[in-house]
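Here is how the chains run, residue by residue.
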Amino acid sequence: MKYYDEWRHVFKLDPNKEIDDDALALVCESGTDAVIVGGTDGVTLDRTLSLLARVRRFPVTCALEVSTLSAVTPGFDHYLIPAVMNSTDVKWFVGKHHEAVKVYGELIDWEEVLVEGYCVLNDKAKVAQKTTANTALTTEDVLAYARLADKMYRFPFFYLEYSGVLGSKALVEQVREVLTETKLIYGGGIKTAAEAAAFAAYADVVVVGNAIYEQLEEALKTVEAVRAQKA
Ligand code: 1GP
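Calculation rules
- Sequence positions are assigned chain by chain, starting from 1 and proceeding in written order.
- Restriction of local features to residues with pLDDT of at least 70 applies here, the model being predicted, together with a cutoff of 80 or more for giving and counting side-chain atom pairs; totals for whole chains, interfaces and linings are based on all residues.
- The side-chain figures draw on all heavy atoms in the structure; neither hydrogens nor water molecules are used.
- Strand pairing follows a simple DSSP-based rule, namely that at least 2 bridges must link the two strands.
- Every helix listed is a DSSP run of H or I at least four residues long, and every strand listed is a run of E at least two residues long, numbered separately from the N terminus.
- Where helices are involved, their axes are fitted lines through C-alpha atoms of the stretch in contact, as for all axes, and angles between N-to-C directions lie from 0 to 180°.
- Contacts: residue pairs with any heavy atoms within 4.5 Å of one another.
- Each residue is placed in one exposure class: buried if its accessible area under a 1.4 Å probe, protein chains only, is under 20% of its type's maximum, exposed if it is over 50%, and partly exposed if it falls in between.
- An arc is given here, and it is the one of the directions from the helix axis to the C-beta atoms.
- For any helix crossing, the convention is left-handed if the near helix is rotated counterclockwise from the far helix by under a right angle, and right-handed if that rotation is clockwise.
- Residues are grouped as follows: Ala, Val, Leu, Ile, Met, Phe, Trp, Tyr, Cys and Pro are nonpolar; Asp, Glu, Lys and Arg are charged; all remaining types, including Gly, are polar.
- Only residues above 30% relative accessible area that lack a salt bridge enter a patch, with like-charged residues linked at up to 9 Å and the nonpolar side chains Val, Leu, Ile, Met, Phe, Trp and Tyr linked at up to 5 Å.
- Note on areas: Shrake-Rupley, 1.4 Å probe, and residue coverage restricted to the protein chains presented here.
- A pair is scored as a salt bridge if a Lys or Arg side-chain nitrogen falls within 4 Å of a carboxyl oxygen belonging to Asp or Glu.
- UniProt positions are given in the numbering used here, feature names are shortened, and annotations may be inferred rather than shown by experiment.
- Definition of a polar contact: a pair of N or O atoms within 3.5 Å, with one able to donate and the other able to accept a hydrogen when the atoms are protein atoms, and with sequence-neighbouring residues admitted only if both atoms are side-chain atoms.
- By convention in this text, a residue qualifies as near a molecule or strand provided that one of its non-hydrogen atoms is within 4 Å of it.

Peer 1: Tell me what's going on with the sheet that holds strand 6 (residues 157-161), and back it up with residues and numbers.
Peer 2: Ordered by their spatial adjacency, eight strands build a closed barrel running 1-2-3-4-5-6-7-8, and the pairing between neighbours is parallel. Put simply, the sheet's adjacent strands are angled 30 degrees from each other on average, direction ignored. Judged from the four bridges that link them, strand 1 (residues 9-13) and strand 2 (residues 34-37) form a sheet pairing that is parallel. Paired with Phe11 across the strands is Val35, a residue of strand 2. Docked against the sheet, helix 6 (residues 169-178) engages strand 6 and strand 7 (183-187), running at close to 165 degrees with respect to strand 7.

Peer 1: Account for helix 2 (residues 45-55), naming residues and giving values.
Peer 2: Those residues of helix 2 that sit buried are Thr48, Leu51, Leu52, Arg54 and Val55. Buried residues of helix 2, seen end-on, are gathered within an arc of 165 degrees and therefore sit on one face of the element. Structurally, helix 2 contributes buried residues whose contacts are with strand 1, helix 1 (21-28), strand 2 and strand 3 (62-65).

Peer 1: Describe the packing of helix 7 (residues 193-200) against helix 9 (residues 216-228), listing the residues and the values that go with them.
Peer 2: At a closest axis distance of 8 Å, the pairing of helix 7 and helix 9 adopts a crossing angle of 35 degrees. Considering only the axes of helix 7 and helix 9, their crossing is right-handed. Listed contacts from helix 9 to Ala193, Ala196, Ala197 and Ala200 of helix 7 are Glu218, Lys221, Thr222, Ala225 and Val226. For the contact of helix 7 with helix 9, the residue count by class is six nonpolar, one polar and two charged.

Peer 1: Before we move on, can you summarise a nonpolar patch on the surface with the specific residues and values?
Peer 2: Where nonpolar side chains cluster on the molecular surface, the patch consists of Leu69, Val72, Val103, Tyr104 and Leu107 and spans about 470 Å² of accessible area. With respect to the helices, strands and loops of the structure, Leu107 is situated in the loop between helix 3 (95-104) and strand 5 (113-120). When its relative accessible area of 69% is taken as the criterion, Leu107 is described as exposed.

Peer 1: Explain the UniProt feature "binding site: Mg(2+)" (unreviewed entry) in the chain to me, using residue names and the numbers behind them.
Peer 2: Sites flagged by UniProt as "binding site: Mg(2+)" (unreviewed entry) map to Asp14 and Thr40. Their sequence span is 27 residues, while the largest C-alpha to C-alpha distance among them is just 8.3 Å; these annotated residues converge on one region. Within the fold, Asp14 resides in the loop between strand 1 and helix 1. According to the relative accessible area criterion, Asp14 is buried, its value standing at 12%. Within the structure, the side chain of Asp14 is placed 2.9 Å from the backbone nitrogen of Asn16, a separation counted as a polar contact.

Peer 1: Describe the pattern of salt bridges, listing the residues and the values that go with them.
Peer 2: Using the criterion set out here, one finds 12 salt bridges in the structure. In this structure, Asp77 engages Arg56 in a salt bridge whose closest nitrogen and oxygen atoms are separated by 3.1 Å. Of this pair, Asp77 sits in the loop between strand 3 and strand 4 (78-84) while Arg56 sits in the loop between helix 2 and strand 3, and the two are 21 residues apart along the sequence. Residue classification places Asp77 among the buried residues on the basis of a relative accessible area of 18%.

Peer 1: Which residues make up the UniProt feature "binding site: sn-glycerol 1-phosphate" (unreviewed entry) in the chain, and what are the values?
Peer 2: Here the UniProt feature "binding site: sn-glycerol 1-phosphate" (unreviewed entry) sits at Lys12, Tyr159, Leu160, Glu161, Tyr162, Ser163, Gly164, Gly189, Gly209 and Asn210. Checked against the element boundaries, Tyr162 lands in the loop between strand 6 and helix 6. Overall, Tyr162 belongs to the buried group, its relative accessible area being 9%. The contacts of Tyr162, once residues within four sequence positions are left out, are Leu121, Asn122, Gly167, Ser168, Leu171, Tyr186, Gly187 and Gly188. Here Gly164 lies in the loop between strand 6 and helix 6. Those residues in contact with Gly164 that lie beyond four places of it in its chain are Asn122, Gly188, Gly189 and Asn210.

Peer 1: Go over the site of the ligand with me, naming the residues and quoting the values.
Peer 2: Lining the immediate environment of the ligand, one finds Lys12, Tyr159, Glu161, Ser163, Gly164, Gly187, Gly188, Gly189, Val207, Gly209 and Asn210. Backbone polar atom of Gly189 to an oxygen atom of the ligand: 2.8 Å apart, as the coordinates give it. Separating an oxygen atom of the ligand from a backbone N or O atom of Gly209 is a distance of 3.0 Å. Taken by itself the ligand offers 300 Å² of open surface, and the protein chains cover 92% of this. Of the residues that constitute the shell around the ligand, the class distribution is two nonpolar, seven polar and two charged.

The structure is reproduced here in structure tokens:
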């Protein structure tokens with residue numbers, strides 16, 4: 001299993017999207033550091049379990065990015081817990097976590113839990129709408145969230161989330177410069193090896209999601225492109 005602090009490239013599979021066995025095998029055997037199971041809509045326990053069982057046929061590290069409490073199940077290597085730092089509703093930063101820990105606190109293996117300080121930047125993305133994120137942020141705003149994640153909350157990850165569109169490389173570079181311990185995840189709009197390499201120059205971890213479903217052949221090339229790029 002690849003531990004999270006060694007991750008450079010991850011594929012994100014959406015339980016609400018169809019993927020056939022051949023495509024899934026290509027994703028799991030691509031050499032990616034981990035497969036994350038996560039999405040915003042239609043994430044049910046059945047769909048999550050089915051994807052987990054199918055991914056488990058391969059030796060790749062598999063993490064669940066928790067978005068719906070009712071879809072959480074044992075069996076993943078890691079549980080990634082988003083805390084949306086720029087949400088305007090405190091429930092997306094701590095409220096949902098409080099609800100979960102109140103019910104399941106005794107059962108949680110805290111070694112498997114990794115918090116992601118999310119900064120959601122594409123206002124058109126479902127995640128931005130669902131979490132009522134304030135995406136009208138200046139560079140200074142984003143850098144302040146990054147510093148909070150790193151220095152104050154000591155989150156393992158800070159996630160620049162552009163889901164669906166390519167973000168600003170300049171911003172990723174600036175965020176990289178202020179983080180010392182916290183790992184920087186970049187996700188959003190990566191469809192080609194060149195795009196993946198460009199973001200991997202600054203982000204510790206590059207996430208490829210939609211491209212799996214839209215242009216798998218090109219998506220698979222992002223693995224090597226990220227590996228070849230020094231952060
Ligand atoms: C989504 O950051 C990921 O949570 C990846 O984004 O689907 O646009 O690649 P894409």
